[in-house]
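# Structure assessment
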Amino acid sequence: LLDDSTLYDRMNNTSCPRVSFDFTTTFLPPVFILVFIIGLVANGLGLKSLLQNWKKLGIVNVFVLNLGLADILYLLTLPFLVVYYFKGSTWIFGDAFCKITRFCFNLNLYGSIGFLTCISVYRYLAIVHPMRVKGRITVSHSVAISVMVWLLVGVQSLPDMFYTKTFGDKPGKCYDTTSKIYVENYLKYSFGWTLIGFCIPFLIMLGCYGHVIVVLCSKNTTDKVLKQKCLKLLFILILLFSVCYIPFHLLKNLNLWSRVLTKHKICHEWSDRVYIAHQISRGLVCLNSALNPLVYLHGNNDILAQLRQLVQQARQAVMHLSITSNQVPLV
């Protein structure tokens with residue numbers, strides 16, 4: 001058996017594999033730029049359509065409106081993050097704004113999950129228990145529930161603001177979690193956050209749509225259009241969770257655990273791969289701001305027509321530029 005001093009010396013002499021931090025600065029900026037452009041266009045069209053039909057605003061559309069607002073809130077912070085990573089992960093906007101930026105990300109992420117859960121529950125009630133809820137749920141109820149979602153997500157995200165974001169072992173950083181000093185406490189907080197903010201809403205959605213699909217498939221008299229819309233929405237939610245939410249939460253906690261082990265000189269060869277996979281999941285989770293509009297695009301013909309028109313105009317502009325460039329005489 002080794003005594004404590006020998007074990008301590010061996011742990012200190014342990015050479016942990018170098019984590020490739022450079023990957024983040026090359027991978028995330030292009031993803032953020034792409035999400036910023038697509039997200040602003042898609043959410044802008046969606047919110048414009050909802051506001052133009054405000055008098056016809058349905059119960060579920062209140063949640064869709066809040067979903068779009070959560071996306072816009074996060075998208076407006078992306079240019080600052082692009083500058084941050086282009087400068088080699090050097091934050092120049094101050095500690096307070098770093099925390100605000102990370103707070104907006106959390107509001108968007110867990111607000112989106114919360115409003116998607118509300119949409120799922122309302123769809124479930126409307127299809128499985130239509131007579132029980134008819135006339136009992138109003139737009140005012142939806143507004144009140146939306147305010148509660150914002151408050152709950154805000155309270156849930158608030159402790160993150162008290163963790164170090166810009167100081168610690170790497171000056172100039174704007175951590176999406178926290179510095180090495182507080183990583184153990186942050187891992188515990190992250191586990192609880194994942195359980196309450198992600199796992200419970202995910203199970204509620206699975207239960208709602210699982211029951212909805214059973215009801216729709218067992219009743220031959222069910223409207224085929226309604227069945228198609230529900231199946232499309234289910235597919236979109238599966239896409240969102242499979243691509244954006246599940247990988248991010250799994251890899252975020254695994255990366256934090258890896259950092260805790262490294263802090264205690266317990267080294268693993270997979271630490272570098274976990275870090276890179278976590279950075280990829282960060283890029284994927286921000287895609288939710290560009291993919292969330294699919295929730296209302298799938299059932300809104302006006303928005304789809306506007307998108308097709310924009311695509312057609314962009315194609316015509318590209319063709320016009322190519323023709324013009326071909327006609328320019330060579331000197």
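Residues numbered from 1 in each chain as written. Predicted model: local features only at pLDDT ≥ 70, side-chain atom pairs only at ≥ 80, totals over all residues. Heavy atoms only, no water.

Here we take up empty space enclosed by the protein. Here the structure, examined in full by the defined rule, presents two cavities of 30 Å³ or more. Of the voids in this model, the largest cavity is the one considered here, and its volume is about 100 Å³. Every element with two or more residues in the lining of the largest cavity is listed here: α5 (95-128), α8 (183-218) and α9 (224-263). It is α5 that contributes the most residues to the lining of the largest cavity, five residues altogether. Here the lining of the largest cavity is composed, by residue class, of six nonpolar, three polar and four charged. (1 Å grid on protein atoms, 1.4 Å probe; cavity = no way out; pocket = protein on both sides within 12 Å on 5 of 7 lines; lining within 4 Å. Points joined across faces, edges and corners; volume = space filled by probe spheres on them. Helix = DSSP H or I, 4+ residues; strand = E, 2+ residues; numbered from the N terminus. Nonpolar A, V, L, I, M, F, W, Y, C, P; charged D, E, K, R; others polar.)

Grouped together as the largest cluster of nonpolar side chains are 59 residues, with contacts concentrated most on F32, L109, L116, L240, Y245 and V295. For this core, the secondary-structure elements that each account for two or more residues are α2 (22-52), α3 (59-75), α4 (78-86), α5, α7 (139-157), α8 and α9. It is α5 that provides the largest number of residues to this core, a total of twelve residues. In this view, L240 contacts L116, Y245, N288, L291, N292 and V295; residues no more than four positions away in its chain are not counted. The next biggest cluster of nonpolar side chains, apart from the first, holds eight residues, and it includes I127, V215, L216 and C230. (Core = buried A, V, L, I, M, F, W, Y, C linked by side-chain atoms within 4.5 Å. Buried < 20%, exposed > 50% of the residue type's maximum accessible area, 1.4 Å probe, protein only. Contact = heavy atoms within 4.5 Å.)

By the definition in use, this model includes 23 aromatic pairs. Seen in terms of ring centroids, F80 and F97 are 4.7 Å apart; in terms of plane orientation they differ by 70°. Their pairing is edge-to-face. Separated by 17 residues along the polypeptide, F80 in helix α4 and F97 in helix α5 bring together distant segments of the chain. Residues F202 and F241 carry aromatic rings whose centres are separated by 4.9 Å and whose planes lie at 20° to one another, so their mutual orientation is stacked. Of this pair, F202 sits in helix α8 while F241 sits in helix α9, placing them 39 residues apart in sequence. Ring-pair connections join several aromatic residues into one group, and the members of that group are F32, F80, Y84, Y85, W91, F93 and F97. (Phe/Tyr/Trp six-rings, centres within 6.5 Å; stacked < 30°, edge-to-face > 60°.)

Here N253 is to be found in helix α9. Only 2.7 Å separates the side chain of N253 from the side chain of S190, close enough to count as a polar contact. (Polar contact = N/O pair within 3.5 Å; in protein donor to acceptor, adjacent residues only side chain to side chain.)

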